[in-house]
Amino acid sequence: MHKIEIEAEIDLIAENKRLAEENRKFLKEKGIKAINIMGAIGSGKTLLIEKTLDALGKEIKFGVILGDVVCKADHERIKKYDVKVEPINTGKECHLDAHLVNHVIDVFDDVDLILIENVGNLVCPVDFDLGENYRVTMVSVTEGDDVVGKHPEIFRLSDVIIINKISLAEAVEANIEKMIQDAKKINGRAIVMKMDLKTGEGFEDWINFVRNLVE
Amino acid sequence: MSFAMAIVENALKMAEEKNLKRIESITVKIGELLLINPEQLKFCYQAASSGTMLEGTELKIEFERAEISCVSCGKKFKTPIYLCDSCGGFVSVQGGKNFVLKKIEARNGI
Ligand SMILES: Nc1nc2c(ncn2[C@@H]2O[C@H](COP(=O)(O)OP(=O)(O)O)[C@@H](O)[C@H]2O)c(=O)[nH]1
Ligand SMILES: [Mg+2]
Ligand SMILES: [Zn+2]
Ligand SMILES: [Zn+2]
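Scoring rules and cut-offs
- Residues numbered from 1 in each chain as written.
- Chains lettered and ligands numbered in written order.
- Predicted model: local features only at pLDDT ≥ 70, side-chain atom pairs only at ≥ 80, totals over all residues.
- Heavy atoms only, no water.
- Donors = N, O, S within 2.8 Å, 3.2 Å for Na, K, Ca; no water.
- Helix = DSSP H or I, 4+ residues; strand = E, 2+ residues; numbered from the N terminus.
- Buried < 20%, exposed > 50% of the residue type's maximum accessible area, 1.4 Å probe, protein only.
- Near = heavy atom within 4 Å.
- Polar contact = N/O pair within 3.5 Å; in protein donor to acceptor, adjacent residues only side chain to side chain.
- Areas by Shrake-Rupley, 256 points an atom, 1.4 Å probe, with all protein chains shown as cover.
- Phe/Tyr/Trp six-rings, centres within 6.5 Å; stacked < 30°, edge-to-face > 60°.
- Contact = heavy atoms within 4.5 Å.

Caption draft 1: Geometry of the coordination of the zinc ion (ligand 3). Residue and element names in this part refer to chain A. The coordination sphere of the zinc ion (ligand 3), as far as protein atoms go, consists of Cys94 (SG), His95 (ND1) and Cys124 (SG), spread over 1.9 to 2.3 Å. In primary sequence terms, the donor set of the zinc ion (ligand 3) follows C-H-x28-C. Of this pair, His95 sits in the loop between strand E4 (84–89) and helix H4 (98–104) while Cys124 sits in the loop between strand E5 (113–117) and strand E6 (134–140), and the two are 29 residues apart along the sequence. In terms of burial, His95 and Cys124 fall into one category: buried.

See below:
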């Protein structure tokens, strides 16, 4: 009986990387853009998608992927629109991964832009490349104005950071400027937007961003 | 859970290739910037390995440090930041995002 040590150097994220590249290749070949929308439960991700479809549904052909642990509520909300929508129930997983997206991506071969709502949390979704072109992280002021500082990694790796529900800032005593500064401190190249999806304040910045993507 | 599954699948494959009989431990290296919780990973590993030849083996976890330093003055940082607080230069972040199966310890023979 003797002890053996096998030295390995196996990349355990390789499979996700491979499938993300496959997704990216598909998108590129078809000339489709995809946005991975991350953020906590209740930050406003589904409402952002709804308002985007309302505002741009006539000029841009959208597809929507909705990641959720089990709940079908978001799917019911988006089904009302005339767009292709694929819900992904992640089961035990608290994030989407490239494999799950790979299963449904073929459906969207004729759209201009895929909006992907990731599972609601500010932690692990950032570790999983889906093959998307842009990463958007949405937070609301009701999560507390220290939420950006507490989750630096997801903001560091985002292209767009949205601070939502700003009309409620006063009521919850959240300092919007602090949130913006925290975001810039960790990621100075990201576009930082503040908005309120109920009042519509600041929403045109997002609409302009989306329009520019597909042009 | 998917990380734990990846460990189990890859370790089992390796065990078969190398014809390992009794595995004692698996060592993985986690990038410190990944948001994997080590305790949770160990727990998930137990669940994912149960019913396989890895059941009851120890999961050893090492960390891969990230190199975080200012590209202008070279100042090093413990956590990522966009601009250097000394000189205002860009701070580069290298590594800290890998997740690797490093080592399998086993016993073979009679
Ligand atoms: N007052 C206010 N409520 C909002 C805003 N955005 C979203 N909500 C509400 O917050 C709740 C959660 O929104 P939802 O889009 O489902 O969040 P998700 O979990 O990130 O998809 C819903 O009741 C929305 O109507 C906002 O800007 N202002
Ligand atoms: Mg939602
Ligand atoms: Zn997760
Ligand atoms: Zn410096």
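Now that the structure has been shown, we can carry on.
Caption draft 2: Molecular detail of the coordination of the magnesium ion (ligand 2). Residues and elements named next belong to chain A. Protein coordination at the magnesium ion (ligand 2) comes from Thr46 (OG1), Asp74 (OD) and Glu117 (OE), with a distance range of 2.1 to 2.2 Å. All donors of the magnesium ion (ligand 2) belong to a single chain; written as a sequence motif, their spacing is T-x27-D-x42-E. Residue Asp74 is found in helix H3 (residues 73–79), and its partner Glu117 is found in strand E5; the two are separated by 43 residues along the sequence. With respect to class, Asp74 is no different from Glu117; both count as buried.

Caption draft 3: Representation of the site of ligand 1. Residues and elements named next belong to chain A. Taken together, 16 residues form the shell around ligand 1, and within it Gly42, Lys45, Thr46, Leu47 and Leu197 come nearest. A distance of 3.0 Å separates an oxygen atom of ligand 1 from a polar atom in the backbone of Gly44. At 2.8 Å from an oxygen atom of ligand 1 is found a side-chain nitrogen or oxygen belonging to Arg77. Protein chains shield 77% of the accessible area of ligand 1, which is 580 Å² for the free molecule. Sorting elements by how many residues they give to the shell around ligand 1 places helix H2 (residues 45–56) first, with 3 residues.

Caption draft 4: Spotlight on the packing of aromatic side chains. Summed over all chains, the structure comprises 5 aromatic pairs over all chains. Judged by centre distance (5.0 Å) and plane angle (80°), the rings of Phe3(B) and Phe99(B) are edge-to-face. With a gap of 96 residues between them, Phe3(B) in helix H1 (residues 2–17) and Phe99(B) in strand E5 (residues 99–108) connect regions that are remote in the sequence. Summarising the burial analysis for this pair, Phe3(B) and Phe99(B) share the class buried. Ring-pair connections join several aromatic residues into one group, and the members of that group are Phe128(A), Phe3(B) and Phe99(B).

Caption draft 5: Region of interest: the environment of Ile60(A). All names here are of chain A. Along the chain, the position of Ile60 falls in the loop between H2 and strand E3 (62–68). The exposure class assigned to Ile60 is buried, which follows from its relative accessible area of 4%. On a C-alpha basis, the gap between Ile60 and Asp112 in space is 6.4 Å, while along the polypeptide they are 52 residues apart. Setting aside residues no more than four positions away along its own chain, Ile60 makes contact with Asp112, Leu113, Val210, Arg211 and Val214.

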